[in-house]
Amino acid sequence: MRIEVRFFAGLRERLGVAEREVSVPDDTSIRQLWSLVVPEEPLPDNVLAARNMEYVDLSSIPCDGDEIAFFPPVTGGAG
Amino acid sequence: MTVRILDAGFDPWALLSDYQRAGAPPEGAYGATAVFVGTMRDFNEDQNVQSLFLEHYPGMTEAWLEKISVAATERWNLLDSLIVHRVGELHPGEPIVLVAVWSAHRKAAFEASRFLMEELKSKAPLWKKEQREDGARWVEHNTPG
């Protein structure tokens, strides 16, 4: 299946990649997707993931054509 | 119910005044309006911050803010809500976020505005990068409310 993988903020800068389209075996979980796309780097403990712009558990399995995003803890707002 | 992401500076008070005058919150129905404005500080963890870059996830940020607006509207029976959040480059003193809610009575307004801010800070996909005297760095976590 084809997956559009996106990275944000400090993760994007550290990995040097904002987005990448990859082809992975069916039944690849989001956790496994990380190791296929970023084999040189272990999955950070505090990473968050979204599937088609909704928060998702790392153990879930995406579908063909999904957009999967990985990002660090969020720090918006003020006050 | 309105959510806006802005990439340029804004005046929260003028925006709020225009919004209310335009009549989205039904005049005569609301007795309470609670407003929260978050502004950029010039210090964080005892260090001077010269500027800030706010990154977001276009599409997901709006979707999350709409989701929590719907949740607050249902839970507190709000008459209207408004969330405005800045992205891009900011300097100390500039507003970052505006949250306003309209309800019949004050309890719902106070509680819903607090809920929206906490849900925004803990889950909305936005990230701050601070420019300090000793260089730039990503903020790793938000301060507790």
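If you're wondering where the values come from, they're calculated on a predicted model, not measured in any experiment.

A. Main features of the interface of chain B and chain A. Taken together, the contacts link 25 residues of chain B with 15 residues of chain A. When contributions to the side of chain B that touches chain A are tallied by element, the ones reaching two or more residues are β2 (32-39), α2 (60-76), β7 (95-103), α3 (106-123) and β8 (126-132) of chain B. Here the side of chain B that touches chain A gets four residues from one element, more than from any other, and that element is α3 of chain B. Its residues assigned to classes, the side of chain B that touches chain A shows 14 nonpolar, six polar and five charged.

B. Layout of the environment of Leu 52 of chain B. Structurally, Leu 52 of chain B can be placed in strand β4 (residues 47-56). Setting aside chain neighbours within four positions, we find Leu 52 of chain B in contact with Met 40, Leu 90, Lys 128, Lys 129 and Glu 130 of chain B.

C. Layout of the nonpolar core. Counting residues in each nonpolar core, the largest one holds 49 residues, and the members touching the most others are Phe 8 of chain A together with Leu 78, Ala 112 and Leu 116 of chain B. Looking at this core, the element that brings in the most residues is β7 of chain B, giving seven residues.

Basis of the calculations
- Counting from 1, residues in each chain are numbered in the order their sequence is written.
- Chain labels run from A onward and ligand labels from 1 onward, assigned in the order the entries are written.
- Given that the model is predicted, a residue must reach a pLDDT of at least 70 before its local features are reported, and side-chain atom pairs must reach 80 or more before they are shown or counted; all residues, however, enter totals for whole chains, interfaces and linings.
- For the purpose of contact definition, each residue receives a C-beta atom placed from its backbone, and two residues are in contact when these atoms lie within 7 Å.
- The way it works is that DSSP assigns letters per residue, a run of H or I at least four long becomes a helix, a run of E at least two long becomes a strand, and they are numbered from the N terminus.
- Under the convention adopted here, Pro, Cys and the residues Ala, Val, Leu, Ile, Met, Phe, Trp and Tyr are nonpolar, Asp, Glu, Lys and Arg are charged, and Gly plus all remaining residues are polar.
- In this description, a nonpolar core means buried residues of the types Ala, Val, Leu, Ile, Met, Phe, Trp, Tyr and Cys, linked to one another by C-beta atoms lying within 7 Å.
- Counting other C-beta atoms within 10 Å of a residue's own tells you its class, since 20 or more makes it buried, 12 or fewer makes it exposed, and anything in between is partly exposed; those C-beta atoms are placed from the backbone.

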